[in-house]
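Next come the chains, spelled out residue by residue.
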Amino acid sequence: MALARSLPPAVRTGDGEHVSPRSNPRADGPRERFQRDGIDLAVFKDAEREIEMNAMALSVAVAPEAVEDALAAQLIEMTVEDCQRAFAEGSVTAEALAEAFLARIETYNPRYKALIVMNPQALEEARAIDARRAAGEALGPLAGVPVVIKDTMDMAGLPSTGGWHFLSAEAGGVDLIPATDAPVTARMREAGCVILGKTNVPVLSHTGSHANDSWAGPTLNPAAPDRIPGGSSAGTATAVAASLAVLGLAEETGGSIQNPASAQGLVGIKPSFGLVPNAGVMPLAGSTRDVVGPIARCVRDAALTLDALAGYSSADPKTVAGIGKRPAGGYTAGLDAGALAGKRLGLYGPGWRDLPLSEEASALYARTQKELEAAGATLVADPFAGTGFAALAEPTPGLVYFDARGFESAPYDLQLYLERMGPDVAIRSFAAFAEATKAEDAFAPGGVLHPITNLRGLAPCLADPASPPDLSDFLAAREAYLAVFDRVMAEHGLDALVFPQMRAELPPLHGPGTLLETTVCEINIAGLPGVTLPAGAYASGSPFNLIFVGRMWSEGDLLAYAYAYEQATHHRRAPALDA
């Protein structure tokens, strides 16, 4: 698989978005793609100074490779704080840091297949950040930080492929080249992030377990390469877990943030529905369930990213619901190592979902309960017992305990998405999309989306994708979930729930096994937020994560609890990579 194709540079229009020209020249190789222009891999000056002093003492020349290694070693598990400290000290530039991450991607991406399309303007954009910093401009905490975004998020001038060979010119299909950025992409640019590239997904993001059927090849899990990486934001999680970037953007309809974050021992935020705009993101259920959120290696970095993403966008009117819901001072304001003291947390049990944990998951969960109590929390066993909450689920036939209500909007949402891409996009309507992909009809028997044809409202939407679908079944389910959830939280005086995100460890990479989670259908239908973070590992080395779940708009509180647990335990471990 070719790592990436260089597409035309995007041009700033002055309104926070980028517009792409129509021509699509290709670059000859990765050096041209990354536009290195002969620049040496730059340095952390402190490390360089120490190397030079040692070399002078020995009367030998400083090896350039040693300087490169000094910087490369700093990339592993690098945080936003590490980046900003280095920038402030003058020990590295944004350009040098981006260059170093691009070199790391060249080394490891051929095996792990996290990134599939690179941003040819990454170094130019990093240089612009350096110029602004040198001019004394006040910059935000994400300025100059190397990040990745999910393939399905529009970035002007770069293809959005949905992991499907029909939608990739490199794989023999046609490229969908958006004219403008998705709002979340634009917000990352406005925050000063250096977007290195776009990450791998399964076909149409149809699974929460892996990216095995992507045109680009399967994404591997750095923490456990023989096991599933979680999906559908598999590539984003792998890029972050393997330190190919500092941060990544993911998107969830049915577990696609929490699953890969949990599978790879990372922090993921599944935000409240409507907090973050999802216009310009290739949808599965954009009107009902889709949310965009960050994946990071620590809670503070995830919170900083949510600060950049959250808020009203005129491109996505449903975000009006989040106005006034963000915490004063931002999502990092409440991060406190003592935040769990005095909090009441509900535990997983059959009242929530009548599916047991594996023996090893139960043992790991028991240990985490002791850690939570040591941090000052009071734990409440199975607060949903006897409430009828578990009975609200209606698992869709053909799927492993997955309730797909809300997916009936898929054709309508895809129609809106294609229209937004611009008049010059290769496929401009759902009908044209269906024609271009008819050889593997996603909705036909055997197609990746065939199970959702069981939903009562899908057939009318397929017949007339330009008309808003009947969402009465989904809306009734959302109301029912929220009513019981809010009542239980109030009756037990709960501040949040804390569950194992998975009921058992990860199955093998290839095979019928799927990630067995605890919270996906419930919080995706209800629209509730969740924050998942590392809580240890199985004996095999497969990660074990917790997830904190709370009321609508409670991301600030959930992040505070996650931060307190993280600071008390430090369970995150960097994986060892093979090139």
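Just above sits the structure.
What you see is a predicted model, and the numbers here were worked out from it, not measured in a lab.

Caption draft 1: View of the packing of aromatic side chains. With the rule as written, the count across this model stands at 14 aromatic pairs. Summarising the aromatic geometry, the rings of Trp352 and Phe389 are spaced 4.6 Å apart at their centres and angled 25° between planes, so their arrangement reads as stacked. Of the two residues, Trp352 is situated in the loop between β9 (344–347) and α11 (359–374) and Phe389 in the loop between β10 (378–380) and α12 (410–420); the sequence distance between them amounts to 37 residues. For the pair formed by Trp352 and Phe389, the shared burial category is buried. Here Phe548 and Tyr561 contribute two aromatic rings whose centre-to-centre distance is 6.3 Å and whose plane-to-plane angle is 50°, an arrangement assigned as tilted. Note that Phe548 is positioned in strand β13 (residues 543–549) and Tyr561 in helix α17 (residues 555–569), a separation of 13 residues in sequence. Overall, the relative accessible area of 0% leaves Phe548 in the buried class. With relative accessibility at 4%, the residue Tyr561 sits in the buried group.

Caption draft 2: Inspection of empty space enclosed by the protein at higher detail. The full count for this structure, using the stated rule, is 2 cavities of 30 Å³ or more. Looking at the largest cavity, its volume works out to about 110 Å³. Forming the boundary of the largest cavity are 13 residues, of which Leu204, Pro283, Leu284, Leu414 and Leu449 lie nearest the centre. Of all elements in the fold, only α12 and α13 (430–436) reach the threshold of two or more residues within the lining of the largest cavity. For the lining of the largest cavity, the element with the most residues is α12, which contributes 3 residues. Tallied by class, residues from the lining of the largest cavity come to 11 nonpolar, 2 polar and no charged.

Caption draft 3: Focus on the packing of helix α7 (residues 183–190) against helix α10 (residues 299–309). Between α7 and α10, the least distance of the axes is 9 Å, while the angle of their chain directions is 115°. In this view, α7 runs roughly perpendicular relative to α10, as classed from their interaxial angle. Pair α7 / α10 crosses with right-handed handedness. Residues Val184, Arg187 and Met188 of α7 pack against Thr305, Ala308 and Leu309 of α10. Its residues assigned to classes, the contact of α7 with α10 comprises 4 nonpolar, 1 polar and 1 charged.

What counts and what doesn't
- Residues numbered from 1 in each chain as written.
- Predicted model: local features only at pLDDT ≥ 70, side-chain atom pairs only at ≥ 80, totals over all residues.
- Heavy atoms only, no water.
- Phe/Tyr/Trp six-rings, centres within 6.5 Å; stacked < 30°, edge-to-face > 60°.
- Helix = DSSP H or I, 4+ residues; strand = E, 2+ residues; numbered from the N terminus.
- Buried < 20%, exposed > 50% of the residue type's maximum accessible area, 1.4 Å probe, protein only.
- 1 Å grid on protein atoms, 1.4 Å probe; cavity = no way out; pocket = protein on both sides within 12 Å on 5 of 7 lines; lining within 4 Å.
- Points joined across faces, edges and corners; volume = space filled by probe spheres on them.
- Nonpolar A, V, L, I, M, F, W, Y, C, P; charged D, E, K, R; others polar.
- Axes fitted to C-alpha atoms, helices over the stretch in contact; angles between N-to-C directions.
- Parallel < 35°, antiparallel > 145°, perpendicular 65-115°, else oblique.
- Left-handed = near helix turned anticlockwise from the far one by under 90°.
- Contact = heavy atoms within 4.5 Å.

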